[in-house]
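Residues per chain are reported as follows:
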Amino acid sequence: MTGRETSGEGSASVQSLKQILLFAPDQATAPAALTPDAASNIPRVARVQLEGSAALELDYAIPDALAGKLSVGSRVLVPLQRQRVQAVVIELLASSPHGSRLREVLHLIGSRPMFTPGLLRLANWIADYYVAPPHQVLRTMLPQAVRDKPESFITDSHLALAKEWTKEQIEKMHKTAPMQARVLETLKACGGEITLSRLRKDVPRATTVMKPLLANGWITRSAVRVERDPFQDEEFLPTQPLTLTDEQRVVFDGVIKAINDVATSRPALLHGVTGSGKTEVYLQAIAHVLAKHQTALVLVPEISLTPQTIERFKARFSDRKDRIAVLHSHLSDGERHDEWFKIHEGRADIVIGARSAIFAPLERLGIIIVDEEHEPSYKQEENPRYHARDLAVVRGKIEQCAVLLGSATPSLESFENARTGKYELLRMTKRTDNKTLPLIRIVDLRLEKRKTGGAPSILSEKLKVAIADRLEKREQTILFLNRRGFNTSLSCMACGEAVQCHDCSIPMTLHKKENRLVCHICGATRVPPAKCPACKDPGIRFAGFGTERVETVVREAFPKARIVRVDTDSMTRKNQLRDTLRDFRAQKIDILIGTQMIAKGLDFPNVTLVGVLNADLALHMPDFRAAERTFQLLTQVAGRAGRGEIKGEVYIQTFTPHSPAVQFARHQDFEGFAQQELEQRRIFNYPPLTHVVLIGCRGPHQARAEFALANLAKRLDAGLPPGTIMGDPTPSPLEKSHGQFRFQLLLRAVKIRVLSQHIHRVIQTMTFPQDVIVTWDVDPVQML
């Protein structure tokens, strides 16, 4: 059973392996004889889940030194053969069925349990539903910075004035020891106390200067913990709750009812159009939860977790600096460590974060909010392949708290759950302050191509005129293209050869500023060739365009405009995105060009024009959700326009203007799109009417990976109803990635647990080639 991605193999022989590990001699840690008092039921045994590669639950004796200190959820160090490994306590027992001579727990990691009982229950649910090894789930729940260096806080010296001085004393000190006098005066100006690191900014030699002051009793010093706060240099001006509209009030009352009556409430789906004020409902619902001395968890897609989003929460709940903790991938390890422990210690009662924040160790949860719940980024693409939105619903049930899912374009899965009564459906159909939805115009690029006699220009004439009009009126424009780089392909006009990545089956993209061809899958780079690598003909030609080329074209068309590009290539410096968006809000930028980094979560009142330069990029992907994603993206991008007093306008450039996804987005008609798309899914028996599991095989040898999946498909088919396996194994749409050939098999069932457990049982009984990796994804979001 080699080559498997997960490491749960060998589970059939767990019991015998337990015996070997439990009773293997170890001179460094002698077994301890246990005589548990059954009457008192004192826990003397800790059952642990190893965090390493072995998916084992083992029993260890609790030594006297740790008696009463271990809890369910504690992390410990235990002996395993001749190693010391980390583990999580999942149960405390009075005795063990394996006898009384057990090896002892070596060490308690951390002063408090790292996992709450609710999180351990959630871990069990994840392991069962997604068929993931429990140890892998537990590792995923803790940030690596917390796992590797728990409670590794940094400290600083806290200095305080110990006594007052007379005028004569300070004047004399200015003459004899002027630096000491400066330290004392700085301390007094700061209210009599300051940290040493802060003092060094005013007095560079403060460490040396303070020594005689300490010796003479002028000041005292003590150690204090210093928070690595990602927002320590930010100032947030407090805001007050806004008056709710009639629609907001109805929704708010429904959410409050769910918070106050959790036993009878259902998860709620809030379908609110862009600009309808969903965030204000979130903020006021959180305020209600805090008044009940409960906590709140807010999930936001990583791409929408902008400084503007965080600022709205920080400004509203500014009464206590450590009230809000933020968890996302752009934090440094130290910042992530300290933000997590702010939650763990109970100082933060509001957590805002991306996908993994669903595991934040909050207690007394009152509400879990999932903003932009339709976002694919809530799905983890590595094992365990969980979906944070679905975990929010499960955790809400475990923790007995309200769950609110919000979106202007709900996922069809959530909408179907609301339609069938599993969720409560709340609606907000109007923008706040009587603002109107933007007017959306469709530009048919086929007609543009006929006008030019060749390839259509990046900016259609209609869009150019609209941009010029906004510049003249000093209004702002957003141009959206979800593709990076300058040119997206390089091909030979003589032989047709396309320059592809050696390790991935996609063309390489030209990044002109660096003069490099870049693979957007594996990151490989190379110098653009001067002639065709295959036939050596010099007639090699670049084609396609990305945001870098769009920036060049727009600068040429509008040389006096202030233009900034926002994508992962341009936003490389820490806080650069924050500074750019602030400049845009301050109207220091006229035109913002970007990828989906600017498609969601932004509210700029002076933006009156949005241009979607190519609406077809996602529409023709080999994925049954392609139309849904296109509709969602177009609607979300269009929603950036007209959020102020001036009506907005949107231009969507497309080669398929009659596509239902484009037309329904044009009319902002989610329910019309959902009805049409659900009917299509019903015809072909796709989610949300069923569940699917995507099985993949990948390896460096094409034939070997293909054969392994074909063999697995035969074994699976033997125990499944007809029609469960959807066709034969096929090459993945992205056939090669990172040097590995990829094949996939799609299976479908109404009851997912029965199917996934069958898949797991079959895989456990099979042996695969050493270099073939088998994966399975329950309820996949990406089909590539």
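Data block above holds the structure.
Residues numbered from 1 in each chain as written. Predicted model: local features only at pLDDT ≥ 70, side-chain atom pairs only at ≥ 80, totals over all residues. Heavy atoms only, no water.

Structural notes on the packing of helix H14 (residues 412-419) against helix H21 (residues 670-684)
Alright, step 1. Interhelical geometry of H14 versus H21 gives an angle of 95 degrees and a closest axis separation of 11 Å. The pairing of H14 with H21 is recorded here as roughly perpendicular in orientation. On H21, the residues touching Leu412, Phe415, Glu416 and Arg419 of H14 are Phe670, Glu671, Ala674, Glu677, Leu678, Arg681 and Arg682.
Alright, step 2. Classifying every residue of the contact of H14 with H21 by side-chain character gives 5 nonpolar, no polar and 6 charged. (Axes fitted to C-alpha atoms, helices over the stretch in contact; angles between N-to-C directions. Helix = DSSP H or I, 4+ residues; strand = E, 2+ residues; numbered from the N terminus. Parallel < 35°, antiparallel > 145°, perpendicular 65-115°, else oblique. Contact = heavy atoms within 4.5 Å. Nonpolar A, V, L, I, M, F, W, Y, C, P; charged D, E, K, R; others polar.)

A look at the sheet that holds strand S7 (residues 107-109)
Alright, step 1. The antiparallel open sheet is built from 5 strands, whose spatial order is S3-S2-S5-S4-S7. With one partner strand each, in any of the chains shown, strand S3 (57-61) and S7 form the two edges of the open sheet. Taking each pair of neighbouring strands and ignoring which way they run, the sheet shows an average axis angle of 50 degrees. (Pairing = 2+ DSSP bridges.)

Considering the environment of Leu270
Alright, step 1. Tracing the chain through its elements places Leu270 in strand S11 (residues 268-272).
Alright, step 2. With relative accessibility at 0%, the residue Leu270 sits in the buried group.
Alright, step 3. Measuring from C-alpha to C-alpha, the distance between Leu270 and Leu80 comes to 50 Å, with 190 residues separating the pair along the chain.
Alright, step 4. Not counting chain neighbours up to four residues away, the residues in contact with Leu270 comprise Val251, Lys278, Tyr282, Leu404, Leu405, Gly406, Ser407, Leu426 and Met428. (Buried < 20%, exposed > 50% of the residue type's maximum accessible area, 1.4 Å probe, protein only.)

A word on the pattern of salt bridges
Alright, step 1. The tally for this structure, following the rule as stated, stands at 48 salt bridges.
Alright, step 2. The partner of Lys435 in a salt bridge is Asp433, and the shortest N-O contact between them spans 3.2 Å.
Alright, step 3. Connected via shared salt-bridge partners are Arg225, Glu227, Asp319, Arg320, Asp322, Arg323, Glu345, Arg347 and Asp349. (Salt bridge = Lys/Arg side-chain N within 4 Å of Asp/Glu carboxyl O.)

Here we look at the side chain of Arg336
Alright, step 1. As for its position among the elements, Arg336 is in helix H12 (residues 333-344).
Alright, step 2. Judged by relative accessible area, which is 18%, Arg336 ranks as buried.
Alright, step 3. Within the structure, Arg336 has its side chain in polar contact with the backbone oxygen of Ser329 (distance 3.2 Å).
Alright, step 4. Those residues in contact with Arg336 that lie beyond four places of it in its chain are Pro143, Leu327, His328, Ser329, His330 and Leu331. (Polar contact = N/O pair within 3.5 Å; in protein donor to acceptor, adjacent residues only side chain to side chain.)

Focus on the nonpolar core
Alright, step 1. Membership of the largest hydrophobic core comes to 76 residues, with the highest contact counts inside it found for Leu297, Ile695, Leu712 and Leu716.
Alright, step 2. Sequence-distant contacts of Ile695, that is, excluding residues within four places in its chain, are made with Leu709, Leu712, Leu716, Phe743, Gln744, Leu745, Leu747, Ile759, Val774, Thr775 and Trp776.
Alright, step 3. Counting 37 residues, the second-largest nonpolar core is a separate cluster that includes Phe415, Ile440, Phe584 and Leu619. (Core = buried A, V, L, I, M, F, W, Y, C linked by side-chain atoms within 4.5 Å.)

Remarks on unusual backbone geometry
Alright, step 1. Of note, the amide linkage connecting Asn383 to Pro384 takes the cis form, showing an omega dihedral of -5 degrees.
Alright, step 2. Considering the arrangement of structural elements, one finds Pro384 in the loop between strand S15 (365-371) and helix H13 (388-399).
Alright, step 3. Here the residue pair Pro687 and Pro688 is connected by a cis peptide bond, since its omega of 10 degrees sits within 30 degrees of zero.
Alright, step 4. Considering the arrangement of structural elements, one finds Pro688 in the loop between H21 and strand S29 (691-699).
Alright, step 5. One non-glycine residue, Asn515, adopts positive backbone phi at about 55 degrees.

Some words on H13
In an α-helix, one turn spans 3.6 residues, which is why side chains three or four residues apart end up on the same side.
Alright, step 1. Relative to the 16 Å expected for 12 residues at 1.5 Å per residue, H13 spans 15 Å between its end C-alpha atoms, a close match to the ideal helical length.
Alright, step 2. Most of H13 sits inside the fold, with 9 of its 12 residues counted as buried.
Alright, step 3. Buried within H13 we find Ala388, Arg389, Leu391, Ala392, Val393, Val394, Arg395, Gly396 and Ile398.
Alright, step 4. Of the residues trailing H13, Gln400 is marked for its positive phi of about 55 degrees. (Expected span 1.5 Å × (residues − 1).)

Notes on the packing of aromatic side chains
Alright, step 1. Scanning the entire structure with this criterion turns up 12 aromatic pairs.
Alright, step 2. On the basis of an interplanar angle of 90 degrees and a centroid distance of 5.1 Å, the ring pair of Phe415 and Phe670 is categorised as edge-to-face. Taken as a pair, Phe415 in helix H14 and Phe670 in helix H21 lie far apart in primary sequence, 255 residues in all.
Alright, step 3. You can call Phe415 buried: its relative accessible area is 8%.
Alright, step 4. Residue Phe670 is classed as buried on the basis of its relative accessible area of 5%.
Alright, step 5. Centroid distance Phe631 to Phe670: 6.3 Å. Interplanar angle 40 degrees. Geometry classified as tilted. Of this pair, Phe631 sits in helix H19 (residues 626-638) while Phe670 is found in helix H21, placing the two residues 39 residues apart along the sequence. With respect to class, Phe631 is no different from Phe670; both count as buried.
Alright, step 6. Every member of this aromatic cluster is reached through a ring pair, and the members are Phe415, Phe631, Phe664, Phe670 and Phe673.
Alright, step 7. In this structure, Lys163 is placed above the aromatic ring of Trp218, and the distance from its NZ or CZ to the ring centre is 4.5 Å. (Phe/Tyr/Trp six-rings, centres within 6.5 Å; stacked < 30°, edge-to-face > 60°. Lys NZ or Arg CZ within 6 Å of the ring centre and 35° of its normal.)

A look at the sheet that holds S15
Alright, step 1. If you trace the 7 strands from one edge of the open sheet to the other, you get S13-S14-S12-S15-S16-S11-S17, paired in parallel fashion. Of all the strands in the sheet, the pair left with one neighbour each is strand S13 (324-327) and strand S17 (424-428). Averaged over all neighbouring strand pairs, the angle between strand axes comes to 15 degrees, with direction disregarded.
Alright, step 2. Pairing of strand S12 (residues 295-299) with S15 involves 5 bridges; the strand directions are parallel. Looking across to S15, one finds that Thr295 is bridged to Leu365.

Observations regarding H19
Alright, step 1. Over its 13 residues, H19 runs 18 Å from end to end, which matches the ideal 18 Å to within 8%, given 1.5 Å per residue.
Alright, step 2. A large share of H19 lies buried, amounting to 12 of its 13 residues.

Focus: the pairing of strand S28 (residues 649-654)
Alright, step 1. The buried count for S28 comes to 6 of 6 residues, which makes it a mostly enclosed element.
Alright, step 2. Every second residue of S28 is oriented toward a common face, with Glu649, Tyr651 and Gln653 on one face and Val650, Ile652 and Thr654 on the other, all of them buried.
Alright, step 3. Here strand S18 (residues 439-444) runs beside S28; their pairing, made up of 6 bridges, is parallel. Across the sheet, Ile442 pairs through a bridge with Ile652, a residue of S28.
Alright, step 4. Pairing geometry for strand S27 (residues 607-612) and S28, over 4 bridges, is parallel.

Here's the deal with the layout of surface pockets
Alright, step 1. Its boundaries defined by the atoms lining it, the second largest pocket holds a volume of some 1,100 Å³.
Alright, step 2. For the second largest pocket, the lining is made up of 43 residues, of which Thr279, Glu280, Arg312, Asp603 and Arg643 are closest to its centre.
Alright, step 3. Elements represented by at least two residues in the lining of the second largest pocket include exactly helix H10 (278-291) and helix H11 (307-316).
Alright, step 4. Here the lining of the second largest pocket gets 7 residues from one element, more than from any other, and that element is H11.
Alright, step 5. Residues belonging to the lining of the second largest pocket are distributed by class as follows: 12 nonpolar, 16 polar and 15 charged. (1 Å grid on protein atoms, 1.4 Å probe; cavity = no way out; pocket = protein on both sides within 12 Å on 5 of 7 lines; lining within 4 Å. Points joined across faces, edges and corners; volume = space filled by probe spheres on them.)

As for the pairing of strand S8 (residues 154-161)
Alright, step 1. Pairing between S8 and strand S10 (residues 219-226): 8 bridges, direction antiparallel. Across the sheet, residue Thr155 finds its bridge partner in S10, namely Arg225.
Alright, step 2. Examined bridge by bridge, S8 and strand S9 (residues 193-195) share 3 bridges and lie antiparallel to one another. Counterpart to Ala160 in the pairing with S9 is Glu193.

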